[in-house]
Protein chains: 2
Amino acid sequence: MNLKELADSLKLSPTTVSRALNGYPEVREETRNRVMAAAKAANYAPNIRARRLATGRAMTIGHVIPLTGRAEMVNPIFADFLIGAGEVYAAEGYDLLLSMVPETETEAAFRQMAANGAVDGVMVQAPQENDPRIGLLTELGLPFLVHGRTGDAQGYNWLDIANMRAFRRATDFLLDLGHRRIALINGQETFDFARRRRRGFEEALAARDIPALPHLMASDAMTESFGYLTAARMLDGPNPPTAFLVSSVILAIGVRRAAGERGLRMGRDISVICHDDELSYLNNDVGGPAFTATRSSIRAAGRRCAEILITLIRNPDHPPIQELWDVDLTVGRSTGPCPG
Amino acid sequence: MNLKELADSLKLSPTTVSRALNGYPEVREETRNRVMAAAKAANYAPNIRARRLATGRAMTIGHVIPLTGRAEMVNPIFADFLIGAGEVYAAEGYDLLLSMVPETETEAAFRQMAANGAVDGVMVQAPQENDPRIGLLTELGLPFLVHGRTGDAQGYNWLDIANMRAFRRATDFLLDLGHRRIALINGQETFDFARRRRRGFEEALAARDIPALPHLMASDAMTESFGYLTAARMLDGPNPPTAFLVSSVILAIGVRRAAGERGLRMGRDISVICHDDELSYLNNDVGGPAFTATRSSIRAAGRRCAEILITLIRNPDHPPIQELWDVDLTVGRSTGPCPG
DNA sequence: CACATCTTCCAAAGCGCTTTGGGTTGCTGT
DNA sequence: ACAGCAACCCAAAGCGCTTTGGAAGATGTG
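The rules behind each value
- Residues numbered from 1 in each chain as written.
- Chains lettered and ligands numbered in written order.
- Predicted model: local features only at pLDDT ≥ 70, side-chain atom pairs only at ≥ 80, totals over all residues.
- Heavy atoms only, no water.
- Salt bridge = Lys/Arg side-chain N within 4 Å of Asp/Glu carboxyl O.
- Helix = DSSP H or I, 4+ residues; strand = E, 2+ residues; numbered from the N terminus.
- Buried < 20%, exposed > 50% of the residue type's maximum accessible area, 1.4 Å probe, protein only.
- Contact = heavy atoms within 4.5 Å.
- Polar contact = N/O pair within 3.5 Å; in protein donor to acceptor, adjacent residues only side chain to side chain.
- Pairing = 2+ DSSP bridges.
- Axes fitted to C-alpha atoms, helices over the stretch in contact; angles between N-to-C directions.
- Parallel < 35°, antiparallel > 145°, perpendicular 65-115°, else oblique.
- Left-handed = near helix turned anticlockwise from the far one by under 90°.
- Nonpolar A, V, L, I, M, F, W, Y, C, P; charged D, E, K, R; others polar.
- Near = heavy atom within 4 Å.
- Least-squares fit on C-alpha atoms with pLDDT ≥ 70 in both.
- Core = buried A, V, L, I, M, F, W, Y, C linked by side-chain atoms within 4.5 Å.
- Arc of directions from axis to C-beta.
- Domains from an automatic or database assignment.
- Buried area = accessible area lost by both parts, 1.4 Å probe.

What follows concerns the pattern of salt bridges. Evaluated as defined, the whole model comprises 62 salt bridges over all chains. A salt bridge links D236 of chain A to R262 of chain A, with the nearest nitrogen and oxygen atoms 2.7 Å apart. A residue pair is termed long-range when its members are at least 10 positions apart, and D236 of chain A in helix α10 (residues 224-236) and R262 of chain A in the loop between α11 (249-261) and β9 (271-276) qualify at 26 residues. For R262 of chain A, a relative accessible area of 29% corresponds to the partly exposed category. A salt bridge links E202 of chain B to R198 of chain B, with the shortest nitrogen-to-oxygen separation between them at 2.9 Å. Taken together, the residues E202 of chain B and R198 of chain B, both in helix α9 (residues 192-207) and 4 residues apart, mark about one turn of the helix. Relative accessible area serves as the criterion here: at 28%, E202 of chain B is assigned to the partly exposed category. Owing to a relative accessible area of 22%, R198 of chain B belongs among the partly exposed residues under this scheme. A cluster of three or more residues bridged by salt bridges with shared partners is formed by D276, E278, D285 and R295 of chain A.

Let's shift gears to the interface of chain A and chain B. Where interface size is given, it is often the accessible area lost as the parts come together that is meant. The interface of chain A with chain B comprises 55 residues on the first partner and 55 residues on the second. At the junction of chain A and chain B, the tally comes to 2 salt bridges. The salt bridge partner of E224 of chain B is R256 of chain A, with a shortest N-O separation of 3.1 Å. Across the chain A-chain B interface, the total number found is 17 residue pairs in polar contact (both at pLDDT 80 or more). Among the secondary structure elements, those contributing two or more residues to the side of chain A that touches chain B are α4 (48-55), α5 (74-92), β2 (95-102), α6 (106-116), α10 and α11 of chain A. Considering every element that reaches the side of chain A that touches chain B, the biggest residue donor is α5 of chain A, with 10 residues. Pairing between β2 of chain A and strand β2 (residues 95-102) of chain B: 3 bridges, direction antiparallel. Considered in β2 of chain B, the bridge of L98 of chain A is made with L96 of chain B.

Before going further, it helps to examine the sheet that holds strand β8 (residues 243-246) of chain B. Residue and element names in this part refer to chain B. Strand order in the open sheet formed by 6 strands is β7-β6-β8-β9-β10-β12, and the pairing between neighbours is mixed. Either end of the sheet is taken by a strand with one partner, and the two such strands are β7 (217-219) and β12 (328-330). On average, each strand axis in the sheet is inclined to that of its neighbour by 15 degrees, with strand direction left out of account. Examined bridge by bridge, strand β9 (residues 271-276) and strand β10 (residues 292-295) share 4 bridges and lie parallel to one another. Paired with I273 across the two strands is T292, which belongs to β10. Relative to the sheet, helix α8 (residues 163-176) contacts β6 (182-186), β8, β9, β10 and β12, its axis offset from that of β8 by approximately 170 degrees. Strands β6, β8 and β9 of the sheet are contacted by helix α11 (residues 249-261), whose axis makes an angle of about 155 degrees with β9.

All right, on to the sheet that holds strand β4 (residues 144-147) of chain B then. With mixed pairing, the 12 strands of this open sheet are ordered in space as β11(A)-β5(A)-β4(A)-β3(A)-β1(A)-β2(A)-β2(B)-β1(B)-β3(B)-β4(B)-β5(B)-β11(B). The two strands at the open ends of the sheet, each matched to only one other strand, are β11 (322-325) of chain A together with β11 (322-325) of chain B. When the angles between neighbouring strand axes are averaged without regard to direction, this sheet yields 20 degrees.

Another aspect to go through is the packing of α4 of chain A against helix α4 (residues 48-55) of chain B. In contact at an axis separation of 8 Å, α4 of chain A and α4 of chain B are set at 140 degrees when each is read in the N-to-C sense. Viewed along their axes, α4 of chain A and α4 of chain B adopt a mutual orientation that is oblique. For α4 of chain A against α4 of chain B, the interelement crossing comes out left-handed. Each of R49, A50, R52 and L53 of chain A in α4 of chain A lies in contact with α4 of chain B, whose residues at this interface are R49, A50, R52 and L53 of chain B. Split by residue class, the contact of α4 of chain A with α4 of chain B holds 4 nonpolar, no polar and 4 charged.

Taken together, the neighbourhood of DNA strand C is formed by 26 residues, with T15 and T16 of chain A together with L3, S18 and R19 of chain B sitting nearest. At the protein interface, 58% of the atoms of DNA strand C within 4 Å belong to sugar or phosphate. The contact in question runs from a phosphate oxygen of DNA strand C to an N or O atom on the side chain of T31 of chain A, over 2.9 Å. Between N47 of chain B and DNA strand C, the recorded distance is 3.1 Å, taken from a backbone N or O atom to a phosphate oxygen. Listing elements by their share of the surface near DNA strand C, those giving two or more residues are α2 (14-21) and α4 of chain A together with α2 (14-21) and α4 of chain B.

Rotating chain A by 180 degrees about the axis while translating it 0.0 Å along that axis superimposes it on chain B, leaving an RMSD of 0.1 Å. On this basis, the relationship between the two copies can be described by a two-fold rotation axis. The position closest to the rotation axis in chain A is occupied by the C-alpha of L97 of chain A, lying 2.4 Å away. Counting the interface residues of chain A, we find that 100% of their copies in chain B are interface residues as well, pointing to one common contact surface.

Neighbouring DNA strand D are 26 residues; L3, S18 and R19 of chain A together with T15 and T16 of chain B lie closest to it. Of all DNA strand D atoms lying within 4 Å of any protein atom, the proportion belonging to sugar or phosphate reaches 60%. Here Y24 of chain A contributes a side-chain N or O atom positioned 2.8 Å from a phosphate oxygen of DNA strand D. Among the elements that take part in the surface near DNA strand D, α4 of chain A stands out by supplying 4 residues, more than any other. Looking at the surface near DNA strand D, its residues break down into 10 nonpolar, 10 polar and 6 charged.

Y89 and F244 of chain A together with Y89, F244 and V246 of chain B are the most contacted members of the largest nonpolar core, which has 124 residues in total. In this structure F244 of chain A touches L174, A183, I185, A231, M234, L235, V255, I270, S271, V272 and I273 of chain A, once residues within four positions along its chain are discounted.

Since the α-helix turns once every 3.6 residues, residues separated by three or four places project in the same direction. Residue and element names in this part refer to chain B. If you check which residues of helix α1 (residues 3-10) are buried, you get L6, A7 and L10. The arc enclosing the buried residues of α1, seen along the axis, measures out at 100 degrees, which places them on a common side. Of the residues in α1, the exposed ones pointing more than 90 degrees away from the buried face are K4 and S9. Against α2 and α3 (29-41) lie the buried residues of α1. After α1 finishes, the residue K11 shows a positive phi value of roughly 55 degrees.

Residues and elements named next belong to chain A. We note that the domain assignment places domain 1 (3-46), domain 2 (60-161 + 299-325) and domain 3 (163-297) within chain A. Contacts between the two partners involve 20 residues from domain 2, matched on the other side by 23 residues from domain 3. Both faces combined, the contact of domain 2 with domain 3 buries some 1800 Å², and carbon together with sulfur accounts for 49% of it. For the interface between domain 2 and domain 3, the tally reads 1 salt bridge. Ionic pairing is found between E129 and R195, a salt bridge with its closest N-O pair at 3.0 Å. At the junction of domain 2 with domain 3, the criterion picks out 7 residue pairs in polar contact (both at pLDDT 80 or more). Those elements giving two or more residues to the side of domain 2 that touches domain 3 turn out to be α5, β5 (158-161), α12 (298-314) and β11. Along the lines of polarity and charge, the residues of the side of domain 2 that touches domain 3 split into 11 nonpolar, 3 polar and 6 charged.

Structure representation (structure tokens):
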């Protein structure tokens, strides 16, 4: 059943039926009701491919996930972010086009998207230092929003959390508890967020004239095993840390495993603070927070990012939107005074 | 730049340019090369919306994720599955349309998709008992593939792992080690996979005349905290289990936390077997498997599911494809003989 | 009553591609 | 020299919708 058939069955023109269905005013209320009823009865839904061609809008937003071959940076995070964004897209009538491409082909993927009109805008996640995607998308004229930021953070749209401030605060918290040998287990420092976190960490130490110890700093993809192996190595080495600051709950779980195997009790023998993205399947709050954590819901970020991007798509001349979210520090059972 | 302009610039008809670009034989090799070169030089990409309308194919596959409000069942699993499927889609030229809808609206979402022609087929995940989606999609005539299966598993396309066999084998393994009080921490038993796993568990016990103990069986969304709370409750209660069989690594991490807090060493004081989906950020293999586990890569399943679905879309009259994957049991450090 | 103004509807022209159903041209064999 | 046949190319008709630019009829105005 298409528009023409529906119109014929109603003895109306396709024009009128289209207008009735889309809420235009030039149609009598009674006619509109007739049309609506007939459409519903016939289980009619306008062909979305034809509509997209006719309107010139794709009503689709693209998320391009670069596949790196290693544990995808995106993986632990992107599911929740996607769900948050997807909720908003659905509510606003946008489709979500998810594109997995080898990292080397992301530029081609974006060029393709811009040229073939598959999407009205794209979401950019996990920017790296001087991320080429930002310049490229600007050049292509495709509306985009960056979750995170990089470079001077000027002239493009982004939403980010205050990573540096969060990690500075977390470090101060550990220092106040008397810890001096604090380890940092970070995400890959090609990513901007990880660099900022490290800087927050280092600044807090520097402010108290405490040297950052290279053997107590590590960074890589945020997997449980990386957290485990790193913590194990540090704990077994000379001058082991008394506290860990780690960039995700997943890493923290690895740290907990290493500590547990060595008979170290978290919050007593050893302290751990992590960044908690509030992943739905890793709730840190049941029975009081297990980990002391800087926290910020990645799903909420996804929702807000979607809202902003849709605003930008609807208002092409909108000035850049930049939003910085502050981060809570929640005290849990994984931290305590420095022993000894 | 559109096809007509490109054709004009080449002094050819749109027909010929279209054919040249799409690899049809009725065009001289020399002409084809000229067209290709011009297209590349002009950075031309055919408008995908127009192409979709003209061909009648969406070249898009839909994944509908029902939002339940609680920790989405899909969440821990679906990211890896999606990545696997997405790789194949990208390679085959299909787009992935991801649709998050409140659970109550999934039927409407499918009807919409079928009527408006947004997708050529859909992937169905995590089927429940007598899942209404199967009947609905059959009725709508939309090609679909179920990851998992339900009911009599007849007459529709699915790919599943041998859940029952896996859990029966895992239970036998624990029984052989001398364990008699074995706890089952399962996913929500509205899902078919969880029911099968429970049956495997129960059959193994029944085969040795060991009663299944209701207070040692629990099922809910597979979050870390559910694993933790349940294990804690069981361990603190009367007749605590000496072994746990759990439905995911995430649950197992919760169990490990509960055990750790009680000073119980895994593999010595207590045994744990889990099902390992080989999530990329929860690698169980680093330094030898931490958990004894039944394992099957969810990402590989995603890849294969995508392949099958594409086959079905390309061959509408293909007889049902049903694929059952066997599951390995990997022995790790989390199991040992029953103490005492 | 003539004229302007809404209100309500429609015909037709796109949107940018694919595809059907021919036409030309040049070559072969007789 | 001419029919027969490939090889190569094109005009035009869709695909199913939206949207422009009226037209017809109803209503108000001086």
